[in-house]
Amino acid sequence: MHEQAEQEAVTSLHDLSAVDLIAGFRARQFSPSEVLEDVLAHVAVWEPHIKALYAFDPDGARAVAKASTERWNKGEPTGVLDGVPVTIKDNIATKGQPVPLGAASVKLVPSPVDAPPAARLREAGAVIFSKTTMPDYGMLSSGLSSFHALTRNPWDLNKNPGGSSSGAGAAAAAGYGPLHLGTDIGGSVRLPACWCGLVALKPSLGRIPVDPPYVGRVAGPMTRTVDDAALMMSVLSRPDRRDGMSLPPNDINWKALDKSPRKLRIGLMLDLGVGQALERDVRDIAVKVAKAFESAGAVITEVEGVLTREMLDGLDNFWRARMWDDLAKLTPAERAKALPYICKWAETGAKLSGVEVIRGFNATMAIRAAAAKRFCEIDYVISPVSPVVNFAAELASPINDPDKPFEHICYTVPWNMSENPAASINGGYDKNGFPIGVQIVGRRFDDLGVLGMAKAFESLRGAQRPWPSPPTKS
């Protein structure tokens, strides 16, 4: 019975990778409309349990899938993702839909245009059937939101999927099609990927144009395979003039993922000396991944982290002040609709002096300098993504204390501030079968190399455990 369930999971259309879907469309083994219907049926089974979606639009998606089916029947696909189901995070604007930012305090005003990542996906023929959930203002690593229902982790409904790309992580793990788009300013695609068993790339700042741009803010793919993440990057990295922080157009061959670890210098970053304590299971998985690369010819050296207590507290001060600037513009009644955790965290920003806020922002520059120095003598870094295996679904963060909001992002946030590309990939499982992610970080602009290293580990690791099955009715 178990073997049959595994076989069905492998052959179901909703479980196929985007690469395999495109091959199937080309060979006329199935159509985009058939794939979408299978995904929608699967969503109907899972969604009551995990609450991953926002602005779910099955009828609109059916019309898009039908047009895609007709194009494939004529042998005239419009782009490399024609007919592939995709979800997009709440905070990435899509034309005609409000952008609530996960917060009940935000006014619901339909967006007049698609943001750059959404526009690129539509141009490539993707079937965008839903947005996905996120916590208030994207400022939590959690599925907790004042606007959306609580999002849960498919691997264990009592656990958190992480955030702030919480719905994207839960949807990908549950099998809502192959491609999901999130954003990341401190770990927000990598943390849910870690806790949901996925691949995610936080690209170099500006590699994927976004609107609005901001320090450290990127959009990134969340998928089940490295090949699918690279396929999304081939679309998302196309230029858009709206992002004044975007990188110059670059003809990267995103299919060129073959990369040998032989003779590469890899730094293993374990104990940071700051932040939440590293759990033994997480440490063991990170070491296991490093040893896998070592067996493939890499030179592994344990290295210190780049973050200090002063840097972390500085970032905390800066982001409190920035968040309070947004909340202070609301009426007291509007502000009261936001999560109390967010308000309590942000309101202390009003008491900071201008000098303290500037010192906080300057921590970004100190992190950049430390990261550049660290990469002078190594090619890649391997580290945990999260210091903990998991945490309860109802919590705002692993520690759940607004006075200690960033203790769990010490492995991820430095690379946003330094602009280095960083990927999360599943490294293994704890004794209960819960996934544990590992982070691979490269030099600035080496996005393809980071994906290549993730692909190399994917091959070294071999097949993963079966993806979670939907809960049965009691």
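Residues numbered from 1 in each chain as written. Predicted model: local features only at pLDDT ≥ 70, side-chain atom pairs only at ≥ 80, totals over all residues. Heavy atoms only, no water.

Visitor: How should the overall build of the protein be read in this particular structure?
Guide: Of the regular secondary structure elements, the protein holds 15 helices and 11 strands. Over its C-alpha trace the protein gives a radius of gyration of 21 Å, about what one expects of a compact globule, namely 23 Å for 474 residues. In terms of its C-alpha atoms, the protein occupies a principal-axis envelope of roughly 65 × 60 × 50 Å. A total of 474 residues make up the protein; the buried ones form 59% of that total. Surface exposure of the protein reaches about 18700 Å², of which carbon and sulfur atoms provide 52%. Computed over 52 positive and 53 negative side-chain charges, the separation of the two mean positions in the protein equals 3 Å. (Helix = DSSP H or I, 4+ residues; strand = E, 2+ residues; numbered from the N terminus. Rg over C-alpha atoms; globule rule 2.2 N^0.38 Å. Buried < 20%, exposed > 50% of the residue type's maximum accessible area, 1.4 Å probe, protein only. Areas by Shrake-Rupley, 256 points an atom, 1.4 Å probe, with all protein chains shown as cover. Lys, Arg positive; Asp, Glu negative; His and termini not counted. Charge placed at Lys NZ, Arg CZ, Asp CG, Glu CD.)

Visitor: What's the story with the packing of aromatic side chains in this structure? I'm lost.
Guide: Where two aromatic rings form a pair, the distance of their centres and the angle of their planes describe that pair. One pass over the full model with this rule turns up 13 aromatic pairs. Ring geometry for W195 versus F391: centroids 5.2 Å apart, planes at 70°, classification edge-to-face. Pair noted here: W195 is in helix α7 (residues 190-196) and F391 is in the loop between β9 (380-384) and α14 (413-418), with a separation of 196 residues, a long-range link. Neither residue differs from the other here; W195 and F391 are each classed as buried. Ring centres of Y214 and W319 lie 5.8 Å apart, and the angle between their planes is 65°; this geometry places the pair in the edge-to-face category. (Phe/Tyr/Trp six-rings, centres within 6.5 Å; stacked < 30°, edge-to-face > 60°.)

Visitor: Just to check I follow, could you spell out the pattern of salt bridges for this structure?
Guide: One side chain can pair with another of opposite charge once the charged atoms of both are near each other. Evaluated as defined, the whole model comprises 24 salt bridges. The closest approach of N and O atoms between E123 and R120, which form a salt bridge, is 2.9 Å. Here R120 and E123 lie together in helix α5 (residues 116-123), a separation of three residues that amounts to about one turn. Residue classification places E123 among the partly exposed positions, given a relative accessible area of 44%. For the salt bridge of D447 with R207, the shortest nitrogen-to-oxygen distance reads 3.2 Å. In this pair, D447 sits in helix α15 (residues 447-461) while R207 sits in the loop between β5 (199-202) and β6 (218-223), placing the two residues 240 residues apart along the sequence. Residues joined in a network through salt bridges with shared partners are R120, E123, D240 and R242. (Salt bridge = Lys/Arg side-chain N within 4 Å of Asp/Glu carboxyl O.)

Visitor: In this structure, what is going on with the sheet that holds strand β3 (residues 127-132)? I would like to understand it.
Guide: Strand pairing in a sheet relies on backbone hydrogen bonds, with the paired strands running either antiparallel or parallel. Reading across the sheet, the 11 strands line up as β1-β3-β2-β4-β6-β5-β10-β11-β9-β7-β8 and stay open at both edges, with mixed pairing between neighbours. Every interior strand has two partners, whereas the edge strands, β1 (53-54) and β8 (299-303), have only one. Judged from the seven bridges that link them, strand β10 (residues 422-429) and strand β11 (residues 435-442) form a sheet pairing that is antiparallel. The residue bridging G428 from the neighbouring strand is I436, located in β11. (Pairing = 2+ DSSP bridges.)

Visitor: Teacher, can you tell me more about unusual backbone geometry here?
Guide: Most peptide bonds take the trans configuration, and most residues that are not glycine carry a negative phi. Cis geometry marks the peptide bond from G163 to S164, where omega comes out at 10°. For S164, the location among the structural elements is in the loop between β3 and α6 (166-174). The linkage connecting D211 with the following residue, P212, adopts the cis geometry, with an omega of 5°. Residue Y137 is not a glycine yet carries a positive backbone phi of 60°. Here Y137 lies in the loop between β3 and α6. By relative accessible area, which is 17% here, Y137 ends up buried. Here the phi dihedral of F445 falls at roughly 80°; this positive angle occurs in a residue that is not glycine. Note that F445 resides in the loop between β11 and α15.

Visitor: I would appreciate a short explanation of the nonpolar core in the present structure.
Guide: Residues L121, F129, Y137, Y176, F293 and L451 are the most contacted members of the largest nonpolar core, which totals 144 residues. Look past the residues within four positions of Y137 in its chain and what remains in contact with it is L101, A103, S105, V106, M323, L327, L330, A338 and I342. (Core = buried A, V, L, I, M, F, W, Y, C linked by side-chain atoms within 4.5 Å. Contact = heavy atoms within 4.5 Å.)

Visitor: Would you mind showing me how to read the packing of helix α10 (residues 309-328) against helix α12 (residues 340-347) here?
Guide: When two helices pack together, their arrangement is given by the angle between their axes and by how far apart the axes lie. Running from N to C, α10 and α12 point in directions that differ by 115°, and their axes come no closer than 7 Å. The pairing of α10 with α12 is recorded here as roughly perpendicular in orientation. In terms of crossing hand, the pair formed by α10 and α12 is left-handed. From α10, D316, W319, R320, M323, W324 and L327 reach across to α12, where they touch I342, C343, W345, A346 and E347. Looking at the contact of α10 with α12, its residues break down into eight nonpolar, no polar and three charged. (Axes fitted to C-alpha atoms, helices over the stretch in contact; angles between N-to-C directions. Parallel < 35°, antiparallel > 145°, perpendicular 65-115°, else oblique. Left-handed = near helix turned anticlockwise from the far one by under 90°. Nonpolar A, V, L, I, M, F, W, Y, C, P; charged D, E, K, R; others polar.)

Visitor: Would you mind showing me how to read the packing of α10 against helix α13 (residues 354-374) here?
Guide: In contact at an axis separation of 7 Å, α10 and α13 are set at 135° when each is read in the N-to-C sense. Of the possible angle classes, the one that applies to α10 and α13 is oblique. Crossing of α10 against α13: the hand is left-handed. Residue-level contacts link M311, G314, L315, F318 and A321 of α10 to V357, G360, F361, A363, T364, A366, I367 and A370 of α13. Its residues assigned to classes, the contact of α10 with α13 shows 10 nonpolar, three polar and no charged.

Visitor: Where do I start with the state of the cysteines in this structure?
Guide: What is meant by a disulfide is a covalent connection between two cysteines, made through their sulfur atoms. Summed over all chains, the structure comprises zero disulfides. No disulfide involves C194; its nearest neighbouring cysteine sulfur is the one of C196, lying 8.9 Å away. Its relative accessible area of 2% is what places C194 among the buried residues. (Disulfide = S-S within 2.5 Å.)

Visitor: Just checking my understanding: could you explain helix α9 (residues 280-295) for this structure?
Guide: Owing to its 3.6 residues per turn, the α-helix aligns residues three or four sequence positions apart on the same side. For α9, with 16 residues, the first-to-last C-alpha span of 22 Å sits near the 22 Å given by 1.5 Å per residue. Check the buried side of α9 and you find it contacts β7 (265-269), β8, β9, β10, β11 and α15. Two residues or fewer past α9, G297 is found with a positive phi of approximately 110°. (Expected span 1.5 Å × (residues − 1).)

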